[in-house]
Every structure is written in structure tokens, then in C-alpha cells.
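# Summary of structural features
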Amino acid sequence: MRIGELAATVGVTTRAVRHYHHLGLLPEPERRANGYRDYTLRHAVVLARIRRLTELGLGLAEVRDVLADDAGRELVEVLGELDEDLARQESAIRERRARLRVLREDARRGRLPAEGPVSPELAALFGKFGPVPPKSPMAAKDREVFALLETTAPPEARAELLAGLETMMAAPGAVERAHEAYALLDDLADAGRDDPRVDEAARLLADLIPAELIPADVDLGLGTGTGTGTGTGGQDARGGGNSAFLRAFFADFAPAQAEAIRRTFRILTEDRR
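Quick caveat, the model's predicted, so the values are computed rather than measured.

### Quick notes on the overall build of the protein
Summing up its helical and strand segments, the protein has 12 helices and 0 strands in all. For the protein, the succession of helices and strands along the chain, N to C, is α-α-α-α-α-α-α-α-α-α-α-α. Buried residues in the protein amount to 42% of all 273 residues. Considering only contacts within the protein whose residues lie at least 6 apart along the sequence, 61% involve residues at least 24 apart. When the accessible surface of the protein is totalled, it reaches about 15,300 Å², and 52% of it is carbon and sulfur.

Shown next as C-alpha cells:
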């Protein structure tokens, strides 16, 4: 058989046949006097086996190991590993589809947060905060930051974040104080750093935020913060005080808002000492 005839017989491309030759998976056939390769039934058998193995999901390196093992032991091991990998993928797909069903149902009922999709735990916390106060840029920003941190934080830091927010929202009157804080910070958007409301906002926020949400190494010299007063303190995506991240985010605040948050952190870190 010529290479095109072999490829057509097995159902692969001539390019694949040449690639398998290059990798040493398929032995090179003898050539006729005219220089053309002369493929035999044995080549078709090997090529068909390569096709079956790759269709199962084996990589070409794994196919090489299987073909090199005459007793078939390598194939048993590789197939076992492949089956375990597929089982993990199936489990992940089931979990993702279950999550999608919940999100679709929330969207149908109008309960999907604007920042969504977020985890069920964070969505539940958003629900405890109540609806975002109308026309409150600070409240909307806070939720965006929560979603950002949840996405980028390692599992341990994410769990600490959610636990801290749960603690915060469990305090009596927390929702009302959070909305009051949002309104006050919104009012500071056009104010100066020396506005007397800055201290008022800082005291309100310090009374609301659990001190453990503020990292011990937060750099107050940067005016650090990754959310509003109801946000997550100076934690960055890795749970520490990343200066570049904090500077970039803090630049989003108006001067008086930034000063209020800086003073809030100072109060909380000093109290913790």
C-alpha cells in the first residue's frame, strides 16, 4: 500500500502517518525501486492501534510506552490512570453543572448579584447585606472587591475572608451601619481630606469591621485598602499587604474616602496591639 492508501484504510491523515514515523511510533516501511514506501498489513494493524489508543485520550508519549510493552502491562497501568483522570473530570463537570443550575435559577428569580457569578457563600452574604443602596458607588465597589478577592485568594485566605464577613454581619445592627457607612463615604467623594466627616466615617467603619480582617503588616503609609470600610482591609489576592495591588486599588478612591479608610485601619491596628 502507498501512504495515502494506508491512511485511508485506517481513517487517519497522511500527515499523521508521517508524524508517527517521525516520533518512532510507526516503523518505516521498505521502499520500492521507485522510492515509494510500501506499507504492509502489519503497518495498518499498528496504525489502527495507535488510532484506538489516541481516541481513548492517551498522549503520544503514553502510546509509545504501550507499544513498547509486549506483555501489555504498560497498557493496563496507562488505562487505569486514564480512567482515574476521566473520573476526576466527570466529578468536576458534575460540580460545575450543579453550580450552573443554581446560578440559572437565581438569574431566573432575579437574585443573581450584578457582580456574579460568585460562590453560594458570598451570594448568601450579599443577601444579608440587603439590596445595594440606590446610587451608592461605594456599595457597588465593595461587592466588586469581595468578588475579586474571592476569585484570587488561596483557599485558606478565602475561608478567612468569608468567616470574617460572617462575623461582621452577625453583629446587631450591622446592616444598618453598613448602609450608613456607604452613604457617608459616598458623601465624601467631593470632600477634602480635612473634612470633619472623615473622622466620623473612620469611627463608624472601625466599629463595623472585625480587626482580624486587617492584616497586621498593612502599610498605612500607602493609605492601603482594598474595599470600602465594609471591605476586606489591606488583604490582597494572596492575603497579605501587596503594595502594588493596594496602590492600584486605592487610587480609585477620592482623597477624603482614602483618608477615612486609612484612619480606620490605623484605629483597628492600634486597638489590636
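After that view of the structure, there is still more to cover.
### Side note on the pattern of salt bridges
Note on pairing: side chains with opposite charge can pair once their charged atoms come close. With the rule as written, the count across this model stands at 13 salt bridges. One salt bridge connects Arg 88 with Asp 85, and the closest N-O pair in it is separated by 3.6 Å. Separated by 3 residues within a single helix, Arg 88 and Asp 85 lie in helix α5 (residues 73-108), roughly one turn from each other. In this structure Arg 88 comes out as exposed when scored by relative accessible area, which is 53%. Asp 85 gets classed as partly exposed once you look at its relative accessible area, which sits at 30%.

### So, a negative patch on the surface
Side chains of Glu 62, Asp 65, Glu 77, Glu 81, Asp 83, Glu 84 and Glu 90 sit close together on the surface and give a patch of like negative charge. Here Glu 90 lies in helix α5. Glu 90 gets classed as partly exposed once you look at its relative accessible area, which sits at 47%.

### Notes on the nonpolar core
In this structure, Leu 122, Phe 129, Leu 165, Leu 185, Leu 188 and Phe 253 are the most contacted members of the largest nonpolar core, which totals 42 residues. Among the elements of the structure, α6 (120-129), α7 (137-152), α8 (155-170), α9 (174-187), α10 (197-208), α11 (243-250) and α12 (255-272) are those that each provide at least two residues to this core. Ala 7, Ala 16, Val 17 and Ala 44 belong to the second-largest nonpolar core, a separate cluster that totals 22 residues.

### Remarks on α11
Residues that lie three or four places apart on an α-helix share one face, since the helix turns once every 3.6 residues. Every buried residue belonging to α11 is among Leu 246, Phe 249 and Phe 250, and all of these are buried. The arc that holds the buried residues of α11, viewed along the axis, is 95°, so those residues lie on one side.

### A few points about the packing of aromatic side chains
Tallied over the entire structure, the rule returns 1 aromatic pair. For the ring pair Phe 126 and Phe 146, a centre distance of 6.3 Å and an interplane angle of 40° mean the geometry is tilted. With Phe 126 in helix α6 and Phe 146 in helix α7, this residue pair connects regions lying 20 residues apart in the sequence. With respect to class, Phe 126 is no different from Phe 146; both count as buried. Its guanidinium or amino end placed over the ring of Tyr 36, Arg 2 lies 3.9 Å from that ring's centre, counting from NZ or CZ.

### Section: α6
Within the sequence span of α6, burial applies to Leu 122, Leu 125, Phe 126 and Phe 129. Mapping the buried residues of α6 onto a view down its axis gives an arc of 105°, with all of them on the same face. At its buried positions, α6 is contacted by α7, α8 and α9.

Cut-offs applied
Residues numbered from 1 in each chain as written. Predicted model: local features only at pLDDT ≥ 70, side-chain atom pairs only at ≥ 80, totals over all residues. Heavy atoms only, no water. Helix = DSSP H or I, 4+ residues; strand = E, 2+ residues; numbered from the N terminus. Buried < 20%, exposed > 50% of the residue type's maximum accessible area, 1.4 Å probe, protein only. Contact = heavy atoms within 4.5 Å. Areas by Shrake-Rupley, 256 points an atom, 1.4 Å probe, with all protein chains shown as cover. Salt bridge = Lys/Arg side-chain N within 4 Å of Asp/Glu carboxyl O. Patch = residues over 30% accessible without salt bridge, like charges linked within 9 Å, V, L, I, M, F, W, Y side chains within 5 Å. Lys, Arg positive; Asp, Glu negative; His and termini not counted. Charge placed at Lys NZ, Arg CZ, Asp CG, Glu CD. Core = buried A, V, L, I, M, F, W, Y, C linked by side-chain atoms within 4.5 Å. Arc of directions from axis to C-beta. Phe/Tyr/Trp six-rings, centres within 6.5 Å; stacked < 30°, edge-to-face > 60°. Lys NZ or Arg CZ within 6 Å of the ring centre and 35° of its normal.

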